[in-house]
Amino acid sequence: MPPSGFSQPAINGLLAFVRDSYANTLQRYQGRDLSEEQVLRESIGYLENHVAQSAQHLNGFVSPEGVKGLQQFVTTNFLDLIAELKLGKKVEGKAMQTELEHIGTYLAQFKL
């Protein structure tokens, strides 16, 4: 049995966060001459840093282990996409856009 709160709206919220992080990453790095892997790696550092900074404002409400868990969540999607690029499962220069398109479809069809 899943924990309390593990529900359709909760999962959809996480997927919306992932979708938004890809969209903002594409916008942030638009026009820069970087590979998608470079962009994703820079974004991982950016997200990890901001999660850690945000957690400081929680005044101990979330433990360091909890902060690491959130950092892991926000970066795992990017690391998985890098792996798919390296394996040739996604096309360089189109991987994040493909993810954005698929997340929308997945959100519309996802059922717990």
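Keep in mind that this is a model prediction, so the values were computed, not measured.

Caption draft 1: Focus on a nonpolar patch on the surface. A surface patch of nonpolar side chains, about 310 Å² in accessible area, is lined by Leu 58, Phe 61 and Val 62. The topology assignment puts Leu 58 in the loop between helix H2 (36–56) and helix H3 (64–87).

Caption draft 2: Structural context of the side chain of Lys 90. In this fold, Lys 90 is placed in the loop between H3 and helix H4 (95–109). Relative accessible area serves as the criterion here: at 15%, Lys 90 is assigned to the buried category. Among the polar contacts listed, one links the side chain of Lys 90 to the side chain of Glu 99, at a separation of 2.9 Å. Excluding its chain neighbours within four sequence positions, the residues that come into contact with Lys 90 are Leu 81, Glu 84, Leu 85, Ala 95, Thr 98 and Glu 99.

Caption draft 3: Molecular detail of the packing of helix H1 (residues 8–28) against H4. Put simply, H1 and H4 touch, their axes get as near as 10 Å, and they point 155° apart. When the interaxial angle is binned, H1 and H4 end up roughly antiparallel. In this structure, H1 crosses over H4, and the sense of that crossing is left-handed. Facing Asn 12, Leu 15, Ala 16, Val 18, Arg 19, Tyr 22, Ala 23, Thr 25 and Leu 26 of H1, the residues of H4 in contact are Met 96, Gln 97, Glu 99, Leu 100, Ile 103, Tyr 106 and Leu 107. Classifying every residue of the contact of H1 with H4 by side-chain character gives 11 nonpolar, 3 polar and 2 charged.

Caption draft 4: Broad picture of the pattern of salt bridges. As enumerated under the stated definition, the model contains 5 salt bridges in all. Between Arg 41 and Glu 37 there is a salt bridge; the shortest N-O distance is 3.0 Å. Of this pair, Arg 41 and Glu 37 both sit in helix H2, separated by 4 residues, roughly a single helical turn. Residue class for Glu 37 comes out partly exposed when judged on its relative accessible area of 24%. Two residues, Lys 90 and Glu 84, come together in a salt bridge whose shortest N-O distance is 2.6 Å. Overall, the relative accessible area of 24% leaves Glu 84 in the partly exposed class. Bridged by salt links that share partners, the residues Glu 37, Arg 41 and Lys 86 form one connected network.

Cut-offs applied
Residues numbered from 1 in each chain as written. Predicted model: local features only at pLDDT ≥ 70, side-chain atom pairs only at ≥ 80, totals over all residues. Heavy atoms only, no water. Patch = residues over 30% accessible without salt bridge, like charges linked within 9 Å, V, L, I, M, F, W, Y side chains within 5 Å. Areas by Shrake-Rupley, 256 points an atom, 1.4 Å probe, with all protein chains shown as cover. Salt bridge = Lys/Arg side-chain N within 4 Å of Asp/Glu carboxyl O. Helix = DSSP H or I, 4+ residues; strand = E, 2+ residues; numbered from the N terminus. Buried < 20%, exposed > 50% of the residue type's maximum accessible area, 1.4 Å probe, protein only. Polar contact = N/O pair within 3.5 Å; in protein donor to acceptor, adjacent residues only side chain to side chain. Contact = heavy atoms within 4.5 Å. Axes fitted to C-alpha atoms, helices over the stretch in contact; angles between N-to-C directions. Parallel < 35°, antiparallel > 145°, perpendicular 65-115°, else oblique. Left-handed = near helix turned anticlockwise from the far one by under 90°. Nonpolar A, V, L, I, M, F, W, Y, C, P; charged D, E, K, R; others polar.

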